[in-house]
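An overview of the molecular structure
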Amino acid sequence: MRRLEIAVGARFGDLVVVREEPQVGTKRMFLCRCSCGAAPVVRLDHLRSGHTRSCGGCGLEHDGERMSIREWADFAGVPESTLRARLKVMSLREALLR
């Protein structure tokens, strides 16, 4: 099978590829830069599938404000599990207004 080339600077959600890291077993790994400034190392298959789109610690942005899911849930007055379930099928704006 042909090796997939990923360019430095390629964007996957909030992550931008900085460089390829040494493989872990058979999995290709990439150092990325998140929009919040964090630098996670992410598996290539997770980047391509959309499973990983941010560092996981920067939260969600809405109207220029960034908070974690727990903080958004407290802000909206709903349980965190309810907000997570809503986010699977709708945008943050829709989930907060329900």
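Here the structure is shown first, and the text comes after it.
The present account deals with the structure reproduced in this document. (Residues numbered from 1 in each chain as written. Predicted model: local features only at pLDDT ≥ 70, side-chain atom pairs only at ≥ 80, totals over all residues. Heavy atoms only, no water.)

1. Section: the side chain of Arg-86
What counts is decided by this rule: Helix numbering and strand numbering both begin at the N terminus, where a helix is a DSSP run of H or I of at least 4 residues and a strand a DSSP run of E of at least 2. Only protein chains enter the area calculation, which uses a 1.4 Å probe; residues under 20% of their type maximum are buried, those over 50% are exposed, and those in between are partly exposed. Asp and Glu count as negative and Lys and Arg as positive, but His and the ends of the chain are not part of the count. Only one rule defines a salt bridge in this text: a Lys or Arg side-chain nitrogen within 4 Å of an Asp or Glu carboxyl oxygen.
Structurally, the position occupied by Arg-86 is in helix α3 (residues 80-87). Within the buried set, Arg-86 has no salt-bridge partner at all; the shortest N-O distance to an opposite charge, 10 Å, is to Glu-94.

2. Digging into the side chain of His-62
The condition is simple: Under this definition, polar contacts are N or O atom pairs within 3.5 Å; protein pairs additionally need one hydrogen-donor-capable and one acceptor-capable atom, and for neighbouring residues in sequence, both atoms have to be side-chain atoms. Pairs of residues are marked as contacts when any of their non-hydrogen atoms sit within 4.5 Å.
Inspection of the secondary structure assignment puts His-62 in strand β5 (residues 60-62). By relative accessible area, His-62 is classed as buried at 15%. Engagement of the side chain of His-62 in a polar contact is seen with the side chain of Asp-63, the distance being 3.4 Å. With near-sequence residues (within four places) excluded, His-62 lies in contact with Trp-72, Leu-92, Arg-93 and Leu-96.

3. Remarks on the nonpolar core
The condition that has to hold: Take the buried residues of types Ala, Val, Leu, Ile, Met, Phe, Trp, Tyr and Cys, join any two whose side-chain atoms come within 4.5 Å, and each joined set is a nonpolar core.
Formed by Ile-6, Phe-12, Leu-15, Val-17, Phe-30, Cys-32, Cys-34, Val-42, Leu-44, Leu-47 and Cys-58, the largest nonpolar core amounts to 11 residues. Within the residue set of this core, elements represented by two or more residues are β2 (15-24), β3 (27-34) and α1 (44-49). Broken down by element, this core gets its largest block of residues, 3 residues, from β3. In this structure, Met-67, Leu-83, Met-90 and Ala-95 belong to the second largest nonpolar core, which totals 10 residues.

4. A look at the environment of Cys-36
Among the structural elements, Cys-36 can be located in the loop between β3 and β4 (41-43). When its relative accessible area of 41% is taken as the criterion, Cys-36 is described as partly exposed. Measuring from C-alpha to C-alpha, the distance between Cys-36 and Met-67 comes to 11 Å, with 31 residues separating the pair along the chain. Those residues in contact with Cys-36 that lie beyond four places of it in its chain are Cys-55 and Cys-58.

5. Some thoughts on the sheet that holds β4
We count it as follows: Only strands joined by at least two bridges in the DSSP assignment are considered to pair.
Across the sheet, 4 strands lie side by side as β1-β2-β3-β4; this open sheet has antiparallel pairing. The open sheet has two edge strands with one neighbour each: β1 (11-12) and β4.

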